[in-house]
Amino acid sequence: MKLKLRQLQDGRHQFDISLSEPASDLLDFSPVRGSLTVLKSGVTLHVTGCLDYTARQHCSLCLKSYEAQGQAEIDLFFRPQTREDLTGGRELELKPDELDMVLYLGQEIDLWPELREALLLSLPVKPVCRQDCRGLCAQCGKPMVEDTCGCARKETDPRWEKLLKLKKEK
Ligand SMILES: [Zn+2]
Ligand SMILES: [Zn+2]
């Protein structure tokens, strides 16, 4: 989604987002739906909204790939990049409310990289395919679904394990 600044008048603009095909910029997210409000005031823009998405995830426990529903809040500020920004040193002087600023060059703002970032940030740090995922079997490494491997049944009480080990060492 590209905003052409010259064609965009000052004020509030509403954009509906509806991507059913995986967009090249949003690889693992499809579909993505929602609406964005762009508030333009001169050269600065404030983009807010909410996006609902389906993402390809890998379970952190059983490593299975699955589809997860998610929602990302969008709240981005854009302002043009100035010469001071390029020469550096300015970063330290950024006002606290400027920390989340996205700097742009030229007359066009490509929103996708920023939106993708917001979607990525909204993903869970430790995704799980389902609440009761039991992960992988510690012994054979297979996903612990129902009774696929017999290892679980052979498991010994951890309190006995130490004793058994001692016995073996003797
Ligand atoms: Zn899982
Ligand atoms: Zn097993």
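Structure: see above.
Basis of the calculations
Residues numbered from 1 in each chain as written. Chains lettered and ligands numbered in written order. Predicted model: local features only at pLDDT ≥ 70, side-chain atom pairs only at ≥ 80, totals over all residues. Helix = DSSP H or I, 4+ residues; strand = E, 2+ residues; numbered from the N terminus. Buried ≥ 20, exposed ≤ 12 C-beta atoms within 10 Å, placed from the backbone. Contact = placed C-beta atoms within 7 Å. Pairing = 2+ DSSP bridges. Axes fitted to C-alpha atoms, helices over the stretch in contact; angles between N-to-C directions. Core = buried A, V, L, I, M, F, W, Y, C linked by C-beta atoms within 7 Å.

A.B. asks: I'm lost on the overall build of the protein in this one. Help?
C.D. replies: The secondary structure content of the protein amounts to 4 helices and 7 strands. The linear arrangement of helices and strands in the protein, starting from the amino end, is β-β-β-β-β-α-β-β-α-α-α. Of all 170 residues assigned to the protein, the portion counted as buried reaches 12%. Pairs at least 24 apart in sequence give 55% of the contacts found in the protein among residues at least 6 apart.

A.B. asks: Help me understand the sheet that holds strand β3 (residues 29–41), please; the structure alone is not making it clear to me.
C.D. replies: On the basis of which strands lie adjacent, the open sheet formed by 5 strands has the order β2-β3-β4-β5-β6 and mixed pairing. Each of the sheet's edge strands pairs with one partner strand only, and the pair in question is β2 (11–19) and β6 (101–104). Ignoring which end each strand starts from, the neighbouring axes of this sheet average 25 degrees apart. Across 9 bridges, the pairing between β2 and β3 is antiparallel. Counted as the bridge partner of arginine 12 is leucine 39 from β3. Against the sheet, helix α2 (residues 112–122) engages β3, β4 (44–58), β5 (65–80) and β6, with an angle of about 135 degrees to β5.

A.B. asks: Explanation requested: unusual backbone geometry in the structure shown.
C.D. replies: Most peptide bonds take the trans form, and the phi angle of most residues other than glycine is negative. Cis geometry marks the peptide bond from serine 30 to proline 31, where omega comes out at -5 degrees. With respect to the helices, strands and loops of the structure, proline 31 is situated in strand β3. One non-glycine residue, leucine 63, adopts positive backbone phi at about 70 degrees. The residue leucine 63 is located in the loop between β4 and β5 in this model. Given 12 C-beta atoms within a 10 Å radius, leucine 63 is considered exposed.

A.B. asks: Whenever I open this one, the nonpolar core confuses me. Can you help?
C.D. replies: Looking at soluble globular proteins, one finds that nonpolar side chains tend to be buried together. The biggest cluster of nonpolar side chains holds 18 residues, and the ones touching the most others in it are Val47, Leu51, Tyr53, Ile74 and Leu119. Sorting the residues of this core by element identifies β3, β4, β5 and α2 as the ones contributing at least two each. Take this core: its biggest share by element is 5 residues, from β4. Aside from chain neighbours lying at most four places away, what touches leucine 51 is Ile17, Val32, Arg33, Gly34, Ala72, Ile74, Leu115 and Leu119.

A.B. asks: Explain the pairing of β5 to me, please; I cannot follow it from the model alone.
C.D. replies: A regular strand carries its side chains on alternate faces of the sheet. Relative to β5, β4 runs antiparallel, the two sharing 14 bridges. Across the sheet, residue aspartate 52 finds its bridge partner in β5, namely glutamine 71. Here β4 folds back onto β5 in antiparallel fashion, the turn holding 6 residues, of which leucine 63 has a positive phi close to 70 degrees. Inspection of the sheet shows β5 paired to β6 by 4 bridges, in the parallel sense. Bridge assignment links phenylalanine 78 to a residue of β6, and that residue is valine 102.

A.B. asks: What's the story with the environment of threonine 44 in this structure? I'm lost.
C.D. replies: Residue position: threonine 44 is located in strand β4. Those residues in contact with threonine 44 that sit more than four places away from it in its chain are Phe77, Phe78 and Arg79.

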